[in-house]
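If you want the building blocks of each chain, they are given just below.
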Amino acid sequence: MSRNGKNRLMGALRQALEEQRLNMVYQPKVSLRNGSLTRVEALVRWDDPELGPVEPSRFVPLAEEHGLIDDLTLWGLRTILRQWLDWREEGIDANIAFNISALSLQHLDFPDLVERMCRALDVPCDRLVLELTEGATQPLVKMMDTLTRFRIKGIGLAIDDFGTGYSSMMQLRQLPFTEVKIDQAFVCDAHRSSDCRLIIQTITDLAHGLGLIATAEGVETIEQLRIVHEMGCDFVQGYLLSPPMDPRALKGWLADFRPRWPAMLGKEELALWRDVELDALR
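Since the structure is predicted, the reported quantities are computational estimates derived from the model, not experimental observations.

Caption draft 1: Molecular detail of the overall build of the protein. Each helix and strand counted, the protein has 13 helices and 9 strands in total. Within the protein, the fraction of its 282 residues that count as buried is 49%. By sequence separation, contacts in the protein at least 24 residues apart represent 69% of the contacts at least 6 residues apart. Looking at the protein as shown, the accessible area adds up to about 13600 Å², and 50% of this sits on carbon and sulfur atoms.

Take a look at the structure:
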């Protein structure tokens, strides 16, 4: 991206934050044990009136580079905590996950700030899970104190896109994570690649051996769903279950999903599910 392009994008992002024009969509995570809704992942979206939809992969690195990441993170946390309260009023009591930047963890008082936000809104800290990508785990080792303080407060920590970075097994053991999210690249090819199945099985066994939860990301077909279920993953998310949705749609989705779940892991022929998968991917 050219310098002028970056400056234009940064100016638009700064204005979007000031005018509260970002929004959140939410993707359910369900338990592979019984199909219950246990977690919802919050995802930032930005649709600029002039630039159009802007992917997080474009604006988040710029926010980190130009000192806006803390403002973006605090906006996101306030938004999802208030949304959790709305869902509780509707009888939905699921954990809520949110991606944060490793830069935010450089502030030793960040866990205290998050805890105060939870208390101010009367949201239990153990309903919040903070997700970090595996690529960030190298500097995170130096931020052990900050991560440990999150865990002491009951806030969960998930390592996202696991298997695609370079973090060692020792680092995974040292860092106080509660969840490992298996990258969708392995899930996508699991039905035709014995290597991918081996990787999924290995990561799942590793997670369980360390007392962590294993989540399979990016599940788009019944075949993939059944594979990760057979390999012992705990949670699953992906377009087969639901694309990211407007928060007001979650209750209706849940009512529709519950009766369909038993058959999804049943013995029906996979061919019968092709229409379901195509509808989900649309």
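Caption draft 2: Examining helix 11 (residues 250–257) more closely. Within the sequence span of helix 11, burial applies to L250, W253, L254 and F257. Summarising the axial view, the buried residues of helix 11 lie within an arc of 100 degrees, below the 170-degree limit, and thus occupy one face. Next to the buried residues of helix 11 lie strand 1 (22–31), strand 2 (37–48), helix 3 (69–89) and helix 12 (261–264).

Caption draft 3: Summary view of the pairing of strand 7 (residues 179–182). Judged by which residues are buried, strand 7 turns out to be covered on both faces: E179 and K181 on one side and V180 and I182 on the other are all buried. Note that strand 6 (residues 156–162) and strand 7 share 3 bridges and pair parallel. Of the residues in strand 7, the one forming a bridge with I159 is V180. As paired strands, strand 7 and strand 8 (residues 213–216) are joined by 4 bridges and run parallel to one another. Directly across from V180, in strand 8, lies its bridge partner A214.

Caption draft 4: Focus on the packing of helix 4 (residues 110–121) against helix 6 (residues 144–152). For the pair helix 4 and helix 6, the least separation of the axes is 8 Å and the interaxial angle reads 25 degrees. Comparing their axes, helix 6 and helix 4 come out roughly parallel. The way helix 4 lies across helix 6 gives a crossing that is right-handed. The residues of helix 6 that touch helix 4, namely those facing F110, P111, D112 and V114, are T146, R149 and F150. Taken together, the residues of the contact of helix 4 with helix 6 break down into 4 nonpolar, 1 polar and 2 charged.

Caption draft 5: Up close: the pairing of strand 8. Judged from the 2 bridges that link them, strand 8 and strand 9 (residues 235–236) form a sheet pairing that is parallel. Looking at the pairing, A216 lines up with V236 of strand 9. Regarding topology, helix 10 (residues 222–230) serves as the crossover connection from strand 8 to the parallel strand 9, and that connection is right-handed.

Caption draft 6: Structural view of the environment of L130. Of note, L130 is situated in strand 5 (residues 128–133). Expressed as a C-alpha distance, the spacing of L130 and L157, which sit 27 residues apart in the sequence, is 5.0 Å. Not counting the four nearest positions on each side in its chain, L130 is found in contact with L77, F98, I100, F150, I155, G156, L157 and A158.

Caption draft 7: Looking closely at the layout of surface pockets. The space that makes up the largest pocket amounts to roughly 860 Å³. Forming the boundary of the largest pocket are 35 residues, of which E41, L43, P56, N99 and D160 lie nearest the centre. Those elements giving two or more residues to the lining of the largest pocket turn out to be strand 2, helix 2 (56–65), helix 3, strand 4 (95–99), strand 5, strand 6 and helix 8 (184–188). Here the lining of the largest pocket takes 5 residues from strand 2, the largest share from any one element.

Caption draft 8: View of the environment of E115. For E115, the location among the structural elements is in helix 4. Remark: the alpha-carbon pair of E115 and L128, spanning 13 residues in sequence, is separated by 10.0 Å. Here K153 takes part through its side chain, which lies 2.9 Å from a polar atom of the side chain of E115.

Conventions adopted
Every chain's residues receive numbers from 1 upward, in the order its sequence appears when written. With pLDDT at 70 or above as the cut-off, local features in this predicted model cover only qualifying residues; side-chain atom pairs require 80 or more to be listed or tallied, and sums for whole chains, interfaces and linings still use all residues. Side-chain calculation: all heavy atoms of the structure are included, whereas hydrogens and water are not. In this description a helix means any DSSP run of H or I spanning at least four residues, a strand means any run of E spanning at least two, and both kinds are numbered starting from the N terminus. Here's how the labels work: a residue is buried when its accessible area is under 20% of the maximum for its type, exposed when over 50%, partly exposed in between, all with a 1.4 Å probe on protein chains only. When checking whether two residues touch, look at their non-hydrogen atoms; a contact exists if any pair is within 4.5 Å. Accessibility throughout is a Shrake-Rupley quantity obtained with a 1.4 Å probe, and a residue counts as covered only by protein chains that appear here. Working note: the arc is built from the helix axis to C-beta atom directions. Should DSSP find at least two bridges between two strands, the strands are regarded as paired. The axes are straight lines fitted to the C-alpha atoms, using for helices just the contacting stretch, and the angles between their N-to-C directions are given from 0 to 180°. Oblique is the label for every angle not falling under 35 degrees (roughly parallel), over 145 degrees (roughly antiparallel), or within 65 to 115 degrees (roughly perpendicular). Each helix crossing is assigned a hand: it is left-handed if the near helix lies turned anticlockwise from the far helix by less than a right angle, otherwise right-handed if that turn is clockwise. Three classes are used, and their members are as follows: Ala, Val, Leu, Ile, Met, Phe, Trp, Tyr, Cys and Pro are nonpolar, Asp, Glu, Lys and Arg are charged, and the others, Gly among them, are polar. Crossovers are described as right-handed under a simple rule: with the strands pointing away from the observer, the path leading from the first strand over the helix to the second runs clockwise. Site definitions follow a grid-based scheme: protein atoms alone, a 1 Å grid, a 1.4 Å probe that fits but cannot get out for cavities, and for pockets an open set with protein on both sides within 12 Å along at least five of seven lines, plus lining residues having an atom within 4 Å of a point. Grid points are joined across faces, edges and corners, and a volume is the space filled by probe spheres set on the points. Between N or O atoms, a polar contact is any pair within 3.5 Å; within protein, one atom must be a potential hydrogen donor and the other a potential acceptor, and residues adjacent in sequence are included only when both atoms are from side chains.

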